[in-house]
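# Observations on chain architecture
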Number of protein chains: 2
Amino acid sequence: MFELRLVQGSLLKKVLESIKDLVNDANFDCSSTGFSLQAMDSSHVALVALLLRSEGFEHYRCDCNLTMGMNLANIAKMLKCAGNDDIITIKADDGTDTVTFMFESPSQDKISDFEMKLMDIDSEHLGIPEAEYEAIIRMPSAEFARICRDLSSIGDTVVISVTKEGVRFSARGDIGAANIVCRQNATVDKPEDATIIEMQEPVTLTFALRYMNSFTKATPLAEQVTISMSSDLPVVVEYKVAGMGYIRYYLAPKIEEEEEEEVAAHAQTKPKAETKLKVETKPKVEPELMEVAEDEKESKPLAESKPKEEPQLLECHKLDEESKPLVDGKPKVENKLGASTNGEIEIMDIEQ
Amino acid sequence: MFELRLVQGSLLKKVLESIKDLVNDANFDCSSTGFSLQAMDSSHVALVALLLRSEGFEHYRCDCNLTMGMNLANIAKMLKCAGNDDIITIKADDGTDTVTFMFESPSQDKISDFEMKLMDIDSEHLGIPEAEYEAIIRMPSAEFARICRDLSSIGDTVVISVTKEGVRFSARGDIGAANIVCRQNATVDKPEDATIIEMQEPVTLTFALRYMNSFTKATPLAEQVTISMSSDLPVVVEYKVAGMGYIRYYLAPKIEEEEEEEVAAHAQTKPKAETKLKVETKPKVEPELMEVAEDEKESKPLAESKPKEEPQLLECHKLDEESKPLVDGKPKVENKLGASTNGEIEIMDIEQ
DNA sequence: GAACTGACAA
DNA sequence: TTGTCAGTTC
């Protein structure tokens with residue numbers, strides 16, 4: 001049986017609000033180490049990875065590994081019925097195909113339980129490489145959200161450009177062009193207001209603002225956001241879930257025809273090459289839970305990790321002109337617990 | 001002539017917001033004892049009864065009994081033009097077919113008057129029995145509203161089940177099932193937070209959430225709501241209007257095929273039998289104003305009233321399979337002041 | 001005081 | 001379904 005209890009139920013509500021717009025259905029993986037989810041967004045362009053470690057819960061019990069397929073909008077609907085101060089308990093008995101959400105009001109006068117049917121969702125467990133990133137930006141999450149929202153009213157894409165001096169967000173559209181520069185600033189009163197840039201190499205990448213704005217739904221979860229970038233690697237936008245884990249969003253950059261130092265100049269004028277998000281499924285031995293458990297001890301989760309000798313699982317590069325998507329829908333790879341799926345799956349970026 | 005003056009004009013605004021969505025046109029009955037309204041909702045399933053006693057007004061004058069037919073949405077429209085702190089005066093001269101709403105701003109700097117034509121509305125004065133209820137729940141109105149709203153996202157109907165321990169609200173739908181249990185709790189800091197259950201007999205009834213959610217529009221009027229239930233009687237949902245009277249909503253329960261102790265089990269799976277709301281008009285001698293005038297002295301308005309030897313005027317029971325509505329629209333019974341109408345009117349529940 | 005969210009009306 | 005509004009929160 002599986003049971004978890006979270007006193008600060010609002011955390012779970014926020015987590016679901018953060019991903020329900022991006023992903024329709026997803027498998028939650030429950031193991032003794034924690035509660036996690038990995039899923040591509042419904043247009044198969046972005047990827048969400050959620051981890052809530054067992055230590056973060058007041059009570060956590062998971063007798064055997066368990067995959068629960070659920071519709072995220074439905075979970076969110078039910079969690080909306082929980083008060084912000086409610087204690088949330090999630091239960092799944094072995095052998096049943098339902099999960100129960102229990103909400104206890106702080107006064108214990110009102111106890112609600114919501115039962116939901118589990119779904120059978122075909123999905124591979126995606127391999128996400130622990131890459132070394134050329135630039136990592138840490139900044140107030142609200143500021144990042146504001147920038148993405150503001151730039152959306154100018155254009156559809158943002159060019160993020162990191163130099164030693166700071167990070168520049170640029171957009172360009174019919175009504176004009178915008179540049180927002182944030183300077184590194186570690187000398188603030190409150191650490192959550194800091195903007196810190198760790199840079200090995202200057203990086204300039206272009207992204208669809210539509211997805212960035214989806215990512216910023218997680219802003220209420222954390223004061224700070226971490227944006228990790230390398231040329232030709234998907235950006236990672238990470239929000240910590242206090243004391244429990246994280247939500248990470250991955251998004252492949254749009255490819256420029258030629259690399260330009262002056263990025264803003266042609267940002268919207270030239271058509272971007274299509275971007276392919278290549279995902280390889282790998283044997284699911286839960287390495288993610290292990291690796292990430294370290295990430296809160298050191299505040300730079302990905303930058304200083306040693307280059308792994310693993311294959312590059314998540315990468316993006318220019319598509320041949322006529323290349324077609326190999327898989328245009330849900331990859332039909334069974335991923336029962338313990339089953340090793342090694343097929344390579346390539347997912348076409350439809351309309352980023 | 002008729003004239004009333006209410007310093008706390010926001011009360012009247014809230015009252016009209018509470019009923020305008022349920023009822024289109026209605027007759028307001030003005031007598032020396034107060035200002036009242038009884039009307040079925042536009043689909044003839046629910047019934048609203050409003051009473052504002054003359055003592056509640058700063059000034060109240062009613063020379064002779066008077067029925068004013070008005071469109072509630074139009075009144076609400078006009079009242080929206082009044083500030084929340086405005087003093088409201090309503091005037092109707094004899095022999096005219098208009099009513100005037102006057103709004104004085106607190107500073108007296110702005111005085112508005114709105115004139116409205118009265119309508120001739122055919123409607124019987126409905127007889128509402130003073131029944132004895134098997135269970136009466138008193139709880140915070142906001143909590144009741146929250147429960148109805150939450151359950152609406154799960155299903156269309158709510159099963160309300162009262163036992164000594166508390167009251168359970170259940171719903172069931174495509175995405176799952178929900179149970180919300182509220183325990184009796186009289187030992188709270190503020191009396192308006194109390195949940196109190198007076199129960200002679202356990203009761204379980206099923207209602208359409210759509211109507212319940214309409215009723216909760218009255219939530220701003222009162223901190224507490226009273227829900228009175230008996231098997232096979234319409235539920236009464238009552239909100240007090242501070243110092244003046246009340247709004248009561250009546251709704252016939254959906255009939256279960258069989259009475260079940262475990263209600264939730266079949267809540268949504270079996271089609272409910274149609275419910276007929278049988279209303280008998282009776283000579284209008286304003287007994288309601290009399291009776292209800294007592295209801296604030298004792299806080300249990302309906303429960304402890306002696307069983308009356310009146311005919312059961314508002315009842316519901318299963319319809320024969322092919323029975324047709326005898327009256328499918330507005331009952332065409334003239335109800336001029338003082339005229340005694342005794343025809344029996346049966347109104348079909350269309351699609352609760 | 002500003003921004004966000006949820007509720008309501010068109 | 002969308003736009004607006006008010007309440008709430010930070």
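Up top is the structure these notes are about.
These notes cover the structure that comes with them. Worth saying up front: this structure is predicted, and the values here are computed from it rather than measured. Numbers given to residues run from 1 along each chain, matching the order in which its sequence is written. For this description, chains carry letters from A and ligands carry numbers from 1, given in the order in which they are written. In view of the model being predicted, local features appear only for residues whose pLDDT reaches at least 70, and side-chain atom pairs are presented and counted only at 80 or more, with totals across whole chains, interfaces and linings using the full set of residues. With hydrogens and water excluded, all non-hydrogen atoms of the structure serve as input to the side-chain values.

## Quick notes on the pairing of strand β2 (residues 25-31) of chain B
All names here are of chain B.
- Burial runs high along β2: six of the seven residues are buried.
- In this scheme, strands are said to pair when DSSP sees at least two bridges between them. The way it works is that DSSP assigns letters per residue, a run of H or I at least four long becomes a helix, a run of E at least two long becomes a strand, and they are numbered from the N terminus. In this sheet, strand β6 (residues 66-71) lies alongside β2 in antiparallel orientation, the contact comprising six bridges. Residue pairing for β6: D29 is matched across the bridge by T67.
- Bridge count between β2 and strand β3 (residues 34-40): four bridges; the pairing is antiparallel. Its bridge partner lying in β3, F28 is registered against L37. Only protein chains enter the accessibility calculation, which uses a 1.4 Å probe. A residue is then buried if its area is under 20% of the maximum for its type, exposed if over 50%, and partly exposed in between.

## Side note on the protein's contact with DNA strand C
- The full set of residues close to DNA strand C is A:R146, A:R149, B:E17, B:K20 and B:R149.
- Polar contact is the term for a pair of N or O atoms within 3.5 Å; when the atoms are in protein, one must be able to donate a hydrogen and the other to accept it, and sequence-neighboring residues count only if both atoms are side-chain atoms. B:R149 is positioned such that a nitrogen or oxygen atom in its side chain is 2.7 Å from a phosphate oxygen of DNA strand C.
- Each residue is assigned to one of three groups, with Ala, Val, Leu, Ile, Met, Phe, Trp, Tyr, Cys and Pro labelled nonpolar, Asp, Glu, Lys and Arg labelled charged, and all others, Gly among them, labelled polar. Looking at the surface near DNA strand C residue by residue, the classes come out as no nonpolar, no polar and five charged. Any residue with a non-hydrogen atom lying within 4 Å of a molecule or strand is treated as near it.

## Topic: the nonpolar core
- A:F101, A:M212, B:F169 and B:M212 are the most contacted members of the largest nonpolar core, which has 161 residues in total.
- Residue contacts are defined here by distance: any two heavy atoms, one from each residue, within 4.5 Å place the two residues in contact. Setting aside its immediate chain neighbours within four residues, A:F101 contacts A:M70, A:I75, A:M78, A:L79, A:T89, A:I90, A:S112, A:D113, A:F114 and A:M116. For the purposes of this section, nonpolar cores are sets of buried Ala, Val, Leu, Ile, Met, Phe, Trp, Tyr and Cys residues that join through side-chain atoms within 4.5 Å.

## Observations concerning the sheet that holds strand β1 (residues 2-6) of chain B
All names here are of chain B.
- Taken together, five strands build an open sheet; the order of strands is β5-β1-β7-β8-β9 and the sheet is antiparallel. The open sheet terminates on both sides in strands that have one partner only, identified here as β5 (59-62) and β9 (111-117). Pairwise comparison of adjacent strand axes, ignoring direction, gives a mean angle of 15° for this sheet.
- In terms of strand pairing, β1 meets strand β7 (residues 87-92) through five bridges, oriented antiparallel. Paired with L4 across the two strands is I90, which belongs to β7. In this analysis an axis means a line fitted to C-alpha atoms, helices contributing only their contacting stretch, and an angle means the value between N-to-C directions, from 0 to 180 degrees.

## A look at the packing of aromatic side chains
Residue and element names in this part refer to chain A.
- Planes of paired rings set the category: under 30 degrees apart is stacked, over 60 is edge-to-face and the rest tilted, where pairs are Phe, Tyr or Trp rings (Trp by its six-membered ring) whose centres lie within 6.5 Å. Going through the model one piece at a time under the given rule, you end up with 16 aromatic pairs over all chains.
- Ring geometry for F2 and F35: centres 5.8 Å apart, planes at 10°, overall stacked. One end of the pair, F2, is in strand β1 (residues 2-6); the other, F35, is in strand β3 (residues 34-40), with 33 residues separating them in the sequence. For the pair F2 and F35, one class covers both residues: buried.
- The interplanar angle of 50° and the centroid separation of 6.2 Å between the aromatic rings of F144 and F169 together place this pair among those described as tilted. Within this pair, whereas F144 is found in helix α3 (residues 141-152), its partner F169 is found in strand β12 (residues 166-173), the two being separated by 25 residues in sequence.
- Judged by relative accessible area, F144 falls into the buried class, the value being 0%.
- Every member of this aromatic cluster is reached through a ring pair, and the members are F2, F28, F35, F57 and Y60.
- The criterion is that NZ of a Lys, or CZ of an Arg, lies within 6 Å of the ring centre and within 35 degrees of the ring normal, and then a charge sits over that ring. Cation over ring: R248 sits above Y246, and NZ or CZ is 3.8 Å from the ring centre.

## A word on the packing of helix α1 (residues 9-19) of chain B against helix α2 (residues 72-80) of chain B
Residues and elements named next belong to chain B.
- In the contact formed by α1 and α2, the axes pass within 9 Å of each other and the chain directions differ by 145°. The way α1 lies across α2 gives a crossing that is left-handed. From α1, L12, K13, L16, E17 and I19 reach across to α2, where they touch L72, I75, A76, L79 and K80.
- In terms of residue class, the contact of α1 with α2 is made up of seven nonpolar, no polar and three charged. Note on convention: the crossing is left-handed when the near helix lies turned anticlockwise from the far helix by less than a right angle, right-handed when the turn is clockwise.

## Some words on α2(B)
Residues and elements named next belong to chain B.
- Looking at α2, one finds that the buried residues are L72, I75, A76, M78 and L79. Projected onto a plane normal to the axis of α2, the buried residues spread over an arc of 160° and lie on a single side. In α2, the exposed residues that point more than 90 degrees away from the buried face are K77 and K80.
- Put simply, N71 is the residue that caps the front of α2, since its side-chain oxygen is 2.9 Å from the backbone nitrogen of A73. Starting at the helix axis, one direction is taken to each C-beta atom, and the arc is that of these directions.

## Digging into the relation of the copies chain A and chain B
- Alignment of copies: least-squares fit on C-alpha atoms of residues with pLDDT of at least 70 in both copies. Expressed as a screw transformation, the operator carrying chain A onto chain B has a rotation angle of 120° and an axial translation of 1.1 Å, and the superposed copies differ by an RMSD of 0.1 Å. On the angle and the small slide along the axis, the relation comes out as a three-fold axis. Scanning chain A for the C-alpha nearest the rotation axis identifies A:P220, at a separation of 17 Å.

From the geometry alone we can't say anything about function, so treat these as descriptive.
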